[in-house]
Amino acid sequence: MSTRIAVVTGASSGIGAATARHLAEAGFEVVCAARRTDRVEALAAEIGGRAVACDVTDAAQVATLAEEVGPRLDVLVNNAGGAFGLAPVAESDPDDWRRMYDVNVLGVLNVTQALLPALVASGAGVIVNVGSTAGRLVYEGGAGYTAAKHGTKAVTQTLRLELFDQPVRVSEVAPGMVHTEEFSLVRFDGDQAKADAVYAGVPDPLVADDVADAITWIATRPPHVNIDELVIKPRAQAAQHKVHRV
Ligand code: 8X3
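Some points on helix H5 (residues 143-162)
Then step 1. Look at H5: 28 Å from first C-alpha to last across 20 residues, which is about the 28 Å you get at 1.5 Å a residue.
Then step 2. Along H5, the positions that sit buried rather than exposed are Gly144, Tyr145, Thr146, Ala148, Lys149, Gly151, Thr152, Lys153, Thr156 and Leu159.
Then step 3. The secondary structure elements touched by the buried residues of H5 are helix H4 (94-122), strand S5 (125-130), strand S6 (168-175) and helix H6 (183-187).

This is how it looks when you write it as structure tokens:
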């Protein structure tokens with residue numbers, strides 16, 4: 001059997017990088033895609049994969065990714081995404097909202113459109129979109145991000161319907177609180193104190209490896225098994241506003 005190929009977007013850090021490592025351990029040749037070339041090149045060298053510079057919001061770069069992947073693809077993990085800002089609706093910057101819609105929704109559209117023929121050609125493709133608990137609820141200051149992640153979920157569920165007779169499974173993994181090096185730092189525009197406060201006192205937030213493990217499990221089920229959605233939170237987070245802190 002030929003080597004199975006996986007693409008992970010946003011593979012330069014956090015959940016994306018961890019997922020690339022887990023999929024490589026599971027035997028996949030992983031195409032690591034992200035904007036930061038130095039990071040994906042180092043990761044690809046470490047795991048015996050391939051690196052592609054790709055901003056998922058840029059059609060030309062996504063076309064280059066599709067060329068690099070070639071005619072057959074087994075797994076696509078649409079992980080690139082993120083939150084920008086935590087301002088109330090009344091004070092939000094529309095540019096932040098545009099960027100969030102761009103990367104969390106249109107990014108999924110661009111990459112999925114470009115790679116779908118190769119996923120179909122594999123005869124047993126899997127798409128795993130990285131959503132969020134923010135796609136299931138709302139919270140103060142979160143409207144731009146929750147709207148975008150509700151969008152990620154809507155695209156995923158629509159694809160699931162549209163591809164029901166195709167050899168492609170469609171899943172969403174929806175993590176809650178995951179302590180990665182960059183998610184909150186990016187949200188707060190580099191303010192480390194604000195980023196640290198998100199996880200302050202939480203005994204054990206999830207880490208990127210926990211989510212990578214779940215994604216790899218989804219991607220390695222038998223071809224007739226479609227995990228439609230998987231919500232994953234730390235034990236300490238019973239609900240968005242109910243977080244155990246010590
Ligand atoms: C991350 C979860 O709570 O920051 O996607 O919206 S949250």
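Overview of the nonpolar core
Then step 1. Among the nonpolar cores identified, the biggest contains 34 residues, and Leu23, Val30, Cys32, Val173 and Ile215 are the most heavily contacted of them.
Then step 2. Among the elements of the structure, strand S1 (5-9), helix H1 (14-25), strand S2 (29-34), helix H2 (37-47), strand S4 (75-78), S5, helix H8 (208-219) and strand S7 (229-232) are those that each provide at least two residues to this core.
Then step 3. Of all the elements, H8 adds the most residues to this core, at seven residues.
Then step 4. Once residues within four sequence positions are removed from consideration, Val173 is found in contact with Val128, Asn129, Val130, Gly131, Ser132, Val211, Ala214, Ile215, Ile218, Leu230 and Ile232.
Then step 5. Counting 31 residues, the second-largest nonpolar core is a separate cluster that includes Leu65, Ala83, Met100 and Leu115.

Details of the site of the ligand
Then step 1. With respect to spatial proximity, the complete set of residues near the ligand consists of Ser132, Ala134, Tyr139, Tyr145, Gly176, Phe183, Arg187 and Gln240.
Then step 2. Interatomic distance of 2.7 Å between a side-chain N/O atom of Tyr145 and an oxygen atom of the ligand.
Then step 3. In this structure, Gln240 approaches the ligand through a side-chain N or O atom, which is 2.7 Å from an oxygen atom.
Then step 4. Relative to its unbound accessible surface of 240 Å², the ligand loses 84% to contact with the protein.
Then step 5. Taken together, the residues that form the shell around the ligand break down as four nonpolar, three polar and one charged.

What about the pairing of S4?
Then step 1. Every second residue of S4 is oriented toward a common face, with Val75 and Val77 on one face and Leu76 and Asn78 on the other, all of them buried.
Then step 2. Taken together, the three bridges between S1 and S4 define a ladder with parallel strand orientation. Considered in S4, the bridge of Val7 is made with Leu76.
Then step 3. For the crossover from S4 across H4 to S5, the handedness is right-handed.

Considerations on the sheet that holds S2
Then step 1. The parallel open sheet is built from seven strands, whose spatial order is S3-S2-S1-S4-S5-S6-S7. Two strands bound the open sheet, and with one partner strand each, they are strand S3 (50-53) and S7. Averaged over all adjacent pairs, the angle separating strand axes in this sheet is 15°, with direction ignored.
Then step 2. The sheet contact formed by S2 and S3 spans four bridges and is parallel. Paired with Cys32 across the strands is Ala51, a residue of S3.
Then step 3. The strands touched by H2 within the sheet are S2 and S3, with S2 carrying the most contacts at an inclination of about 170°.
Then step 4. Sheet strands touched by H8: S4, S5, S6 and S7. Its angle to S6, the strand with the most contacts, is close to 160°.

About the criteria used
- Residues numbered from 1 in each chain as written.
- Predicted model: local features only at pLDDT ≥ 70, side-chain atom pairs only at ≥ 80, totals over all residues.
- Heavy atoms only, no water.
- Helix = DSSP H or I, 4+ residues; strand = E, 2+ residues; numbered from the N terminus.
- Expected span 1.5 Å × (residues − 1).
- Buried < 20%, exposed > 50% of the residue type's maximum accessible area, 1.4 Å probe, protein only.
- Contact = heavy atoms within 4.5 Å.
- Core = buried A, V, L, I, M, F, W, Y, C linked by side-chain atoms within 4.5 Å.
- Near = heavy atom within 4 Å.
- Polar contact = N/O pair within 3.5 Å; in protein donor to acceptor, adjacent residues only side chain to side chain.
- Areas by Shrake-Rupley, 256 points an atom, 1.4 Å probe, with all protein chains shown as cover.
- Nonpolar A, V, L, I, M, F, W, Y, C, P; charged D, E, K, R; others polar.
- Pairing = 2+ DSSP bridges.
- Right-handed = clockwise from strand over helix to strand, strands pointing away.
- Axes fitted to C-alpha atoms, helices over the stretch in contact; angles between N-to-C directions.

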